[in-house]
Amino acid sequence: METFTDLVLKLIEATRNHEYYRDVECINMIASEGLKSPAVKQMQSLASDLEGRYAEGENDLEGHVKVRYYQGQKYMTQVENYATDLMKGLFKCNWADVRIVSGTHANLATFKGLSLAAKNRKMVVTPLSCGAHISHDYTGLAGNVLGLENINHVYDINEFNIDPDRSADVIRAAKPGIVTFGGSLFLFPHPLKELKEVCNEVGAYVAYDASHVLGLIAGGVFQDPFKEGADIISSSTHKTFPGPQGGVIMGNFDSSRMERAIKKIQFAVFPLSASSTHLGRLPALGIAALEMKLFGAELAKQIVKNAQTAGQYLYENGVKVLCEKKGFTRSHQIAVDIRSFGGGNKVAQALEDANIIINKNLLPYDDQGSKSDPSGLRIGFQDVTRRGFRESDIKHLCDLMLDVIKGKRKPSEVKTDVIALKKEFNTVKYGFQNIEEALSYIKKI
Ligand SMILES: Cc1ncc(COP(=O)(O)O)c(C=O)c1O
């Protein structure tokens, strides 16, 4: 049996190995993972005391600290208020809550709060099989934890999107308290503006889970949920938005209806679902917001361009990338049906053996029980884009992937090329290398 000290030594070694393997030697194409800049990481390390503190209490309707139940808060309160205001400024809304520790927590507080404010506990969601996150579903948080009654949007597999007309009929018939949009397998903007009117008609709150696309929204290349009629945005802060792992909820306090919703969501945050709010991430969140304000448009545009380039290139080279007629994607991800090359499990493993990290994914038409061997792959381009990949680099990366997918070369041979390619892209662009650089940039503008 291993001794306690053996375990500690192994723990340290595994951590070092992981950092080297995934940060230096692998190319990351997991669509749900972001890439922080050195300045964001530096800010995280500067906040190590903050990371251990508590700030339980209530916030006001601007999202600012109102009451705290612990002493020693004077700077912590400032940090939380500044991070809140930076997120409000970036997303042009007048209320935000940054006490949220993850996207799932954001959904927990949003769905709980809205269900308390709404007239009933019915929630219309995208089917899990068509890209919703498990937290939206009756088998996950929404049903099993919160006891909400789920009713599905009608999904059009050919369009890879919610069917606006038939979903309008569902909403009209069900008269739910909440209608949600957004998802995990999320290629095209959801028909929020098309369905806003019917949501109003039945008096439903509209919630938009922006976890995957928050950075694209900040960059102005994806639908703007607030402009299209969302009441609340819930989100992770670490996918296309390249901040520290955490979450945020945002909205607009502009009516008694929204006042009621925001107050209920705040109640669902504290005291219902948060005690320590992981304050150490907040300074880094603020720096990520600054980077997205300055460089987000350019970054987001290139992410989508790279995803579309890969879609076209893989398709032309015999891989069934979905939604060819629609230009493959308008987000950071593409979806691939990889059955003719052995299925999601086999191909994702072969790519991992070549140090290209991708996730296998159920496609809407799969038997939803076959999670261990789905038909598909979901491929994300936010990490490689932030490392500086442009269209020609993406094609080169696709060639390496094609070698593995088609079995032209052994993954172990391709791995050597992947490590070499990664070495060429070992800096993070569209952001700051350190806090001093951020400060001098701000002073100049
Ligand atoms: C749409 C969506 N919402 C919520 C989450 C959960 O976010 P987190 O992992 O931050 O809890 C995810 C995770 O990938 C997601 O895809």
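Remember, predicted model here, so these are calculated numbers, not experimental data.

(A) Focus on the pattern of salt bridges. A full pass over the atoms with the stated rule returns 21 salt bridges. Residues Glu 33 and Arg 22 are paired through a salt bridge, measuring 3.1 Å at the closest nitrogen-oxygen approach. Taken together, the residues span a long stretch of sequence, with Glu 33 in the loop between β1 (27-28) and α2 (38-46) and Arg 22 in helix α1 (residues 4-25) at a distance of 11 residues. Since its relative accessible area comes to 30%, Glu 33 is described here as partly exposed.

(B) Examining the site of the ligand more closely. Taken together, 14 residues lie near the ligand, and Gly 103, Thr 104, Ser 184, Asp 209 and Lys 239 sit nearest. Measuring from an oxygen atom of the ligand, one finds a side-chain N or O atom of Ser 236 at 2.9 Å. Relative to its free-state accessible area of 390 Å², the ligand is covered by the protein chains to the extent of 85%. Here the shell around the ligand takes three residues from helix α4 (residues 103-117), the largest share from any one element. Classifying every residue of the shell around the ligand by side-chain character gives no nonpolar, 12 polar and two charged.

(C) Summary view of the side chain of Arg 386. Looking at the element boundaries, Arg 386 is found in helix α13 (residues 382-386). There is a polar contact of 2.7 Å between the side chain of Arg 386 and the backbone oxygen of Leu 35. Of note is the side chain of Arg 386, whose polar atom sits 2.9 Å from the backbone oxygen of Tyr 430. Those residues within four positions of Arg 386 in sequence are excluded, and the remaining contacts are Leu 35, Lys 36, Ser 37, Pro 242, Glu 291, Leu 299, Thr 427, Val 428, Lys 429, Tyr 430 and Gly 431.

(D) Quick peek at the domain arrangement of the chain. Under the domain assignment used here, the chain contains domain 1 (41-286) and domain 2 (295-424). Counting residues at the interface gives 22 residues for domain 1, matched by 26 residues for domain 2. Summed over both partners, the interface of domain 1 with domain 2 comes to about 2,000 Å²; 70% of that surface belongs to carbon and sulfur atoms. By the criterion of area lost to domain 2, the three top residues of domain 1 are Leu 185, Leu 187 and Phe 188, representing 28% of everything that side buries. Put simply, domain 1 and domain 2 have one salt bridge between them. A salt bridge links Glu 159 to Lys 326, with the nearest nitrogen and oxygen atoms 3.4 Å apart. The interface formed by domain 1 and domain 2 includes 11 residue pairs in polar contact (both at pLDDT 80 or more).

The rules behind these values
- Residues numbered from 1 in each chain as written.
- Predicted model: local features only at pLDDT ≥ 70, side-chain atom pairs only at ≥ 80, totals over all residues.
- Heavy atoms only, no water.
- Salt bridge = Lys/Arg side-chain N within 4 Å of Asp/Glu carboxyl O.
- Helix = DSSP H or I, 4+ residues; strand = E, 2+ residues; numbered from the N terminus.
- Buried < 20%, exposed > 50% of the residue type's maximum accessible area, 1.4 Å probe, protein only.
- Near = heavy atom within 4 Å.
- Polar contact = N/O pair within 3.5 Å; in protein donor to acceptor, adjacent residues only side chain to side chain.
- Areas by Shrake-Rupley, 256 points an atom, 1.4 Å probe, with all protein chains shown as cover.
- Nonpolar A, V, L, I, M, F, W, Y, C, P; charged D, E, K, R; others polar.
- Contact = heavy atoms within 4.5 Å.
- Domains from an automatic or database assignment.
- Buried area = accessible area lost by both parts, 1.4 Å probe.

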